[in-house]
There are 2 protein chains.
Amino acid sequence: MNKKKMAYYFGGGKAEGRSNMRNLLGGKGSNLAEMSRLGIPVPAGFTITTDVCNEFAASGERFPAGLKAEVKAAIARVEKTMGGRFGDKKNPLLLSVRSGARLSMPGMMDTVLNIGLNDSTVAGLARAMDNPRTAYDSYRRFVQMYGNVVLGVPSELFENILEKRKRKGHVLRDSDLSADHLKQLVAEFKALVAKKTGSKFPDRPMDQLYGAIGAVFLSWNVKRAIDYRRLNKIPGHWGTAANVQAMVFGNLGMTSATGVAFTRDPATGAKRFYGEYLTNAQGEDVVAGIRTPHPINLAGKAELGTDLVSLEEEMPKVYKELEKIYKKLEKHYREMQDIEFTVQAGKLWMLQTRTGKRTAISAIKIAVDMVAEGLITRKEAVMRVDPDQLDHLLHPMFDPTAKRRVVAKGLNASPGAATGRVVFTADSAESIVVADPKARVILVRRETSPDDIHGMAVAQGILTSRGGMTSHAAVVARGMGKCCVAGCGDVSVNVKKGVIKVQGHTIKRGDWISLDGGTGEVMLGEVPTIESEITRVVTGELDKSESLLYREYEKIMKWADSFRRLEVRTNAETPEDSRRAVQFGAEGIGLARTEHMFFDAERVDAMREMILADNKAGRKKALKKLLPMQRKDFEGIFKVMAGLPVTIRTLDPPLHEFLPHTPAEIKSLARKMNVKPEAIQEAVDRLHEFNPMLGHRGCRLGIVYEEITEMQARAIMEAACKVQKSGIKVIPEIMIPLVSTKRELELQREVVQRVAEEVIAAKKVNVKYTIGTMIEIPRAALTADKVAESADFFSFGTNDLTQTAFGLSRDDAGRFLPYYVDHGILKDDPFQVVDREGVGELMRIGVEKGRSVKPNLKVGICGEHGGEPNSVAFCHSLGLDYVSCSPYRVPIARLAAAHAAIEQNGNTVGKPKARKKTAKKKSRKKARK
Amino acid sequence: MNKKKMAYYFGGGKAEGRSNMRNLLGGKGSNLAEMSRLGIPVPAGFTITTDVCNEFAASGERFPAGLKAEVKAAIARVEKTMGGRFGDKKNPLLLSVRSGARLSMPGMMDTVLNIGLNDSTVAGLARAMDNPRTAYDSYRRFVQMYGNVVLGVPSELFENILEKRKRKGHVLRDSDLSADHLKQLVAEFKALVAKKTGSKFPDRPMDQLYGAIGAVFLSWNVKRAIDYRRLNKIPGHWGTAANVQAMVFGNLGMTSATGVAFTRDPATGAKRFYGEYLTNAQGEDVVAGIRTPHPINLAGKAELGTDLVSLEEEMPKVYKELEKIYKKLEKHYREMQDIEFTVQAGKLWMLQTRTGKRTAISAIKIAVDMVAEGLITRKEAVMRVDPDQLDHLLHPMFDPTAKRRVVAKGLNASPGAATGRVVFTADSAESIVVADPKARVILVRRETSPDDIHGMAVAQGILTSRGGMTSHAAVVARGMGKCCVAGCGDVSVNVKKGVIKVQGHTIKRGDWISLDGGTGEVMLGEVPTIESEITRVVTGELDKSESLLYREYEKIMKWADSFRRLEVRTNAETPEDSRRAVQFGAEGIGLARTEHMFFDAERVDAMREMILADNKAGRKKALKKLLPMQRKDFEGIFKVMAGLPVTIRTLDPPLHEFLPHTPAEIKSLARKMNVKPEAIQEAVDRLHEFNPMLGHRGCRLGIVYEEITEMQARAIMEAACKVQKSGIKVIPEIMIPLVSTKRELELQREVVQRVAEEVIAAKKVNVKYTIGTMIEIPRAALTADKVAESADFFSFGTNDLTQTAFGLSRDDAGRFLPYYVDHGILKDDPFQVVDREGVGELMRIGVEKGRSVKPNLKVGICGEHGGEPNSVAFCHSLGLDYVSCSPYRVPIARLAAAHAAIEQNGNTVGKPKARKKTAKKKSRKKARK
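In this text, all values refer to a predicted model and were calculated from it rather than measured experimentally. (Residues numbered from 1 in each chain as written. Chains lettered and ligands numbered in written order. Predicted model: local features only at pLDDT ≥ 70, side-chain atom pairs only at ≥ 80, totals over all residues. Heavy atoms only, no water.)

## Topic: the overall build of chain A
Moving on, step 1. The helix and strand inventory of chain A stands at 37 helices and 34 strands.
Moving on, step 2. Principal-axis analysis of the C-alpha atoms places the extent of chain A at approximately 105 × 65 × 55 Å.
Moving on, step 3. When contacts within chain A are restricted to residue pairs at least 6 apart in sequence, those whose partners lie at least 24 apart make up 67%.
Moving on, step 4. For chain A, the computed accessible surface area is about 37700 Å², with 52% contributed by carbon and sulfur atoms.
Moving on, step 5. The average position of the 143 basic charges and that of the 111 acidic charges among the side chains of chain A differ by 4 Å. (Helix = DSSP H or I, 4+ residues; strand = E, 2+ residues; numbered from the N terminus. Contact = heavy atoms within 4.5 Å. Areas by Shrake-Rupley, 256 points an atom, 1.4 Å probe, with all protein chains shown as cover. Lys, Arg positive; Asp, Glu negative; His and termini not counted. Charge placed at Lys NZ, Arg CZ, Asp CG, Glu CD.)

Structure follows, in structure tokens:
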């Protein structure tokens, strides 16, 4: 350990480090070295490595042997480069110590500035600066900062003294304090430190320096930093580097300044230099917002329509140099940079450069532009767009500048931004919208039921006070792509009185509220929304020629498609959703939930009749009514999905989900069905389940009531034959849910196959169909070698697989899952990001065992994880064939799949499966027709 | 295939087969061969192998080439041995064809007797028998049997003709029909066959023989046989053998007879020859019960107190020979035999010998006696007692001879036999029993709640119309060792009116009913029960010296203990249950469910106060009330379990289980707590869960409400310190439930450890404790290598592991699980027998991964499977350290563990773990103190 170099010098056009030494020197340190190498003016300094930080922590806060010698040598080099000497009375060199980890952890760790000041050096500084006030102000700031950061004296104690001093001196602002005031303050600060710590404030510059370095290292392990790391999945063993650097001052008068800038516009991605600065100021002043920063150049000035003078005008020479530097940096890093600079008495110093954060729009534009400029490859361009960010570009969103009056938070059940007037019944929602198609309403219910569908369909969004992520409201809303906040327990809904009570507010029928389906927030009033441009083009509302964004997005997505190996399908069960998904690039349907079709008000009656029948004949009679409806559904989907595979899952939820539950609903159904309400109540009671999630559902229904599967198989195959007869190729894939044993699949397969062959023989159309299964029960994954014998394909139902693998009901997890995630017991909500260790292990076993029997077994995923980038990457690594997700997430999945392929393979593209590739290309072409 | 021998001859003191060829020749065939080898007179014959059966089925019902030659040769040998010729007119040899599989499948497959009869041979038979009536009756029986079994003519059509003939002849019984009547009947039967099959009845003896052989082979695959095999787990590929054997007749007059006997008494195990016979009769007559069979010897006659003459008196020579034979057989097989014999005109023929079925009592006696006789080893003796059978010896049981009027069937929630008068409330149960301590009541409720505990405690049994195997009633009843039939949906309970309606019967308050907790049956009236003798000795009601059964049982159990490797613990949470379990041989507690202690009426109030508190301070206050109660519970258990390990599980069920649910209960609680009913209703609503099984329970409670675990840890450790201070060694093992991630266990471990160290320091007693976890969630098993890092031990909770691995709620499985088991989709109810393929795979992974990190990790099982023999064997094969089960199942588990060890190791006893063995012996000694 001790033989390793511990301090890396930079400055004066030289450097011992470089940008690829980020792990050892941290982001800031490696980039300072790199800039110096490039001949860019940076205040000289040196970086103490992350290894030293780790050793410091491990050895009980002792600096490793040999460090002092290296530091001494490095300081000598800094002095030589910068002029001045550290601790010198006449021409003192001041130092800063800043943290710098491998990844940026903004504001988490400590910084100490102006190190080297004491009662004798401050006089030299005053002379060197020719500005006693600034010198003493630096001294005052140093003692305050050091006293707090290094010595642990609460900062409010310093502030109290400062305030007292200002009152006494009848001054309002810090900057009005005179040098004498500041001198006195220094003495008072030091007295405070001595009193609080029991020791004199350290005056020896070297002591100050090591105190600061130690403090920076220790700040890696303060609670705040540990929490941040846990949340951002940064390992603790990385450690931070400490950057020791000569101070430069932007506050030495009107020829000094400080600023920040981006090499391109971080909001729009436009290729223009964009930034702000202040003269006679220090870095913190730009951030603090006490003075309004000036635009950096004329272009910025014009855009803001301001009279504030720009750097381009005020310091043209400096600006020219800055321009040269930013161009050099961007070309060198081949990436948009976020830079910080200081001008000290007319001389420009660069303090930092790093990759700039940006919006999704700008990420796309910059990536596409840089390819055109020859700066980066297409593969790199694809990697530059974060799939998670894409989401914002696809859903309507609240205007980010608008004010939000958040009064409650429920489950973010279905994303989107909705604003409208409160209604309490589906009927009133419908009648309002029928009367005025432009009217916007939010349907508020305790829970929704199939009887509410017509209201949900016309509402902007749905708010429920009960129910979870898989409640009726949540499931249906997601299916509709409609915003929904579910299970918002803070909200008390009184339908009769027509009021909602929440946090002391009373919201009445007709009042405006807004829902953020992405965060679960409920807001008072009408929060303005903005439309997604890409979606408008996709749906044909806006012409492609009018949207540069869309054309750029399209380029990125085409490139992404050329790199990915995973096929991307969609979860959809209506022709509208299917069409939308294909427009978004879906290459098939991975999950069509047939039960969603039954929630339709008209059909739910037939469904209920089926459920209430107590014998096979009765069920068959009701199923006969459902047959033509289902057939029509499938016809519609098959037509839209022409030539693309359509995976249809047979009935999955427990039957009682279709039954009414409130006395009023029961009465109304009884009237319709001409039976006694008691009979319905009895059925509801009979079908009640303690744990419906683990109850009589999925293939367990189709096995005990074979006739249900028969009807569904018939509807699918009759529709397939009819559509194929009309000249459209149909590829139905029939999927059996909730299988836990091979025998279940075998039995359902027999039923489907028998019906399918009957229909094919009768219709004389050769439709090729396959029969597969969901893998969503641990036992199915564990016995996948057996199950695979009866399966043409597998599809991981990771929603249920997560519930069963964790023994965790998604609907009930609200009381402890957030706690678990907040406290780092779980890294992520496993319903959002696949839990690789547990659920993922089951998936791995499932794929391995399944393919041990059928090496070419097609395996996909249709849980909601199929549209989540981290999970998509995991699916790629498992060798899955496809992911399936909701229509709006298809582009995200496409991009994530490309990322996964590029990351895994570097320069090559996946394992090409010759046969599959061709099929995929073909299907993609069709999909875009 | 064709080179294999297909027909194995036996007879005349010779045989080509032998008893160890059961797989090829079936049980009957191999034993016939063995008897012949031993020089025991069996009618000569030959066995066609199971291979031929399989080939016959596989080849589309064709006999393999070469079979006919072998059969011809074998018949020639039979003719030579027996005299007579097959198909000969003068001295015809008749043959029988009987099935015989590897395992007995009584009545499942077909038999054809008297083969070789036609209009010409029958005359010869009549002469040879010197009895035309019997000859024609044989002919009549043959045509009827062949027509039905081989040719498929429904047997009632033959019966109709027979009845008509009897009416015409004015005779009452078959035996009164004359030879002429029978002759006519043969003609009519043949006409019926010709009419129904369109072909003439086959007259050629060889055709008859092959028809019969084919029919016997085919009967292996009739639905009835397939169902039987599925239920009894007999593989279909075994096939059946066909035994072709010379006919002998027990109905040739008063020197002929037929009978069955056991070499020992199958009911009591007494060493005496026991059997029945009839003169002038055929085998079926003994079974049919038209004539009363006679006792076989004077001893039997004396026991029955009958005047019926015995075989010993009637045919002393034959009886002497039979005595010689049975002794020879028992000595040869070293096992009690069940034999069949026929005497034809004074000559004794043995038709069958096989291992005799017996009661549990007799199994024990025979095993112990045979060891004393030097016939078998102790190891064999242990293997001779079926662990499942032991159950009957431990629970009170209904008198097996009593009549049962079963009116409904619910879940067999807790075994036992209960009979009593119906009461509908806990209070009335209590007041009745208080008034008359001998009064017996059955508490009938829709569901039970903690408020019913006092009534349950005094009732003989509990019947509920709702709720499953883990409902309150079921769980509490099992804990009390009390009979319970739960979730009996056929029963409609009207508490207000005080009536139960079931199947048209109305049962009123005070009426007698009986419950069979082992089968779930509900019976009208008072079914007499008999006490378990062993239990009476165990509990000290009866002195050991008065019970031979107990002393023999004790021997077997001691032998079993010397062979087993698995430790056997119990699931118990009261001193009473713990004491009982130790008396039954438990070597520790594997699961003490702390929540059961809270169901006590007095405590549930404090528990409810805790739940209803909406902040930590409130919860702590209520927990403080619970602390001394819990501490006292643990003290009691620790005292009883002196020196034995006690595994205590922290709180597991969701909180709402403790809350009242009906409006009346809520009102009553509100009054007690002096709050508004609305407040309680609100809490009940708030705590409602959609899938409580997968909800906020187990360690999830202890993590979010750390103070609960703190209180429990404190109660355990304070009790441990106190008891240990009094000189009794305490070994607490604290177990965290429902862990799915290592972090959860880590966090709970921290809490328990902190409290434990505090208590130990304060009390200054060095109690050694360990902290482990349940493995009951798939994810915990899959990540067992991680979890093991924080665990001192694992205990498989196979109840919940089965629920999650299958995605199957035990409480809701009633609508499809019975269907699954009946239809062979699942071999067994996975809640009774561990599903080795799925749940077992998770257990295998759990053990393997756990021990990959900690090779000596102690691993047990505390699900209900811990007392089920097949599952115990599986646990043994996995290398578990112990199984834990309810007190009454401890002996069963001990015996099953011995079986597993003996089966696995043949002559050696497990992998002896020196260290563990000693510890085990020590603990065993203590357990018996």
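Next comes the rest of the write-up.
## Quick notes on the interface of chain B and chain A
Moving on, step 1. Between chain B and chain A, the residue contacts involve 52 residues of the former and 52 residues of the latter.
Moving on, step 2. When the buried surface of chain B facing chain A is broken down by residue, Phe690, Leu694 and Arg815 of chain B rank first, second and third, together holding 16% of it.
Moving on, step 3. Applying the counting criterion to the chain B and chain A interface returns eight salt bridges.
Moving on, step 4. A salt bridge links Glu841 of chain B to Lys849 of chain A, with the shortest nitrogen-to-oxygen separation between them at 3.7 Å.
Moving on, step 5. Linking chain B to chain A there are 23 residue pairs in polar contact (both at pLDDT 80 or more).
Moving on, step 6. Put simply, the parts of the chain that give the side of chain B that touches chain A at least two residues each are helix H26 (677-687), helix H27 (699-704), helix H29 (742-763), helix H30 (778-782), helix H32 (798-806), helix H33 (817-822) and helix H34 (839-853) of chain B.
Moving on, step 7. A class-by-class count of the residues in the side of chain B that touches chain A yields 22 nonpolar, 14 polar and 16 charged. (Buried area = accessible area lost by both parts, 1.4 Å probe. Salt bridge = Lys/Arg side-chain N within 4 Å of Asp/Glu carboxyl O. Polar contact = N/O pair within 3.5 Å; in protein donor to acceptor, adjacent residues only side chain to side chain. Nonpolar A, V, L, I, M, F, W, Y, C, P; charged D, E, K, R; others polar.)

## Comments concerning the relation of the copies chain B and chain A
Moving on, step 1. In screw terms, the move from chain B to chain A is a rotation of 180° and a rise of 0.3 Å along the axis, fitting with an RMSD of 0.3 Å. As the rotation angle and translation indicate, the two copies are arranged about a two-fold axis. By C-alpha distance to the rotation axis, the residue of chain B lying nearest is Asn691 of chain B, at 2.1 Å.
Moving on, step 2. Interface residue correspondence from chain B to chain A reaches 98%, placing this contact among same-surface, isologous pairings. (Least-squares fit on C-alpha atoms with pLDDT ≥ 70 in both.)

## Some details on the pattern of salt bridges
Residues and elements named next belong to chain A.
Moving on, step 1. A full pass over the atoms with the stated rule returns 128 salt bridges over all chains.
Moving on, step 2. Close ionic contact of Glu335 with Arg384 constitutes a salt bridge, the shortest N to O distance being 3.2 Å. Within this pair, whereas Glu335 is found in the loop between helix H13 (316-333) and strand S12 (337-344), its partner Arg384 is found in the loop between helix H15 (378-383) and helix H16 (387-394), the two being separated by 49 residues in sequence.
Moving on, step 3. Residues joined in a network through salt bridges with shared partners are Glu595, Arg649, Asp652, Arg697 and Asp800.

## Things to note about the sheet that holds strand S22 (residues 499-502) of chain A
Consider a sheet: its strands pair through backbone hydrogen bonds, and that pairing is either parallel or antiparallel.
All names here are of chain A.
Moving on, step 1. Strand order in the open sheet made by the three strands is S21-S22-S23, with antiparallel pairing throughout. Both outer strands of the open sheet, strand S21 (492-494) and strand S23 (505-508), are each paired with one neighbouring strand and no more. If you compare each strand with its neighbour and ignore which way they point, the axes differ by 20° on average.
Moving on, step 2. Looking at chain direction, S22 and S23 are connected through four bridges and run antiparallel. (Pairing = 2+ DSSP bridges. Axes fitted to C-alpha atoms, helices over the stretch in contact; angles between N-to-C directions.)

## A look at the sheet that holds S12 of chain A
All names here are of chain A.
Moving on, step 1. Here we have five strands laid out as an open sheet, ordered S11-S10-S9-S12-S13, and antiparallel in their pairing. Of all the strands in the sheet, just strand S11 (294-295) and strand S13 (347-355) have a single pairing partner and so form its edges.
Moving on, step 2. The sheet contact formed by strand S9 (residues 257-262) and S12 spans six bridges and is antiparallel. From the neighbouring strand, Val260 faces S12, where its bridge partner is Glu340.

## Quick look at the state of the cysteines
One way to say it: the disulfide is the covalent bond shared by the sulfur atoms of two cysteines.
Residue and element names in this part refer to chain A.
Moving on, step 1. Under the counting rule described, the total for this entry stands at zero disulfides over all chains.
Moving on, step 2. Cysteine Cys862 is unpaired, with the sulfur of Cys875 as its nearest cysteine sulfur at 11 Å.
Moving on, step 3. There is no disulfide at Cys885, and the cysteine sulfur nearest it, in Cys875, is 11 Å away. (Disulfide = S-S within 2.5 Å.)

## Some points on unusual backbone geometry
Residue and element names in this part refer to chain A.
Moving on, step 1. Phi is positive for Asp130, close to 60°, though the residue is something other than glycine.
Moving on, step 2. By the element assignment, Asp130 lies in the loop between helix H4 (121-129) and helix H5 (132-149).
Moving on, step 3. Overall, Asp130 belongs to the exposed group, its relative accessible area being 68%.
Moving on, step 4. Although it is not a glycine, Asn280 adopts a positive phi angle of roughly 45°.
Moving on, step 5. You can see Asn280 is positioned in the loop between strand S10 (274-279) and helix H10 (283-288). (Buried < 20%, exposed > 50% of the residue type's maximum accessible area, 1.4 Å probe, protein only.)

## Side note on the packing of helix H22 (residues 575-583) of chain A against helix H24 (residues 616-640) of chain A
Helix packing for two helices is described by the angle between their axes and how far apart those axes are.
All names here are of chain A.
Moving on, step 1. Their axes nearest at 9 Å, the elements H22 and H24 cross at an angle of 15°. With respect to their mutual orientation, H22 and H24 come out roughly parallel. As H22 runs across H24, the sense of the crossing is right-handed. Every residue of H24 that contacts H22 at Pro575, Ser578 and Arg579 is listed here: Gly636, Ile637 and Val640.
Moving on, step 2. Partitioned by chemical class, the residues of the contact of H22 with H24 number three nonpolar, two polar and one charged. (Parallel < 35°, antiparallel > 145°, perpendicular 65-115°, else oblique. Left-handed = near helix turned anticlockwise from the far one by under 90°.)

By themselves, these are just geometric observations and shouldn't be taken as functional.
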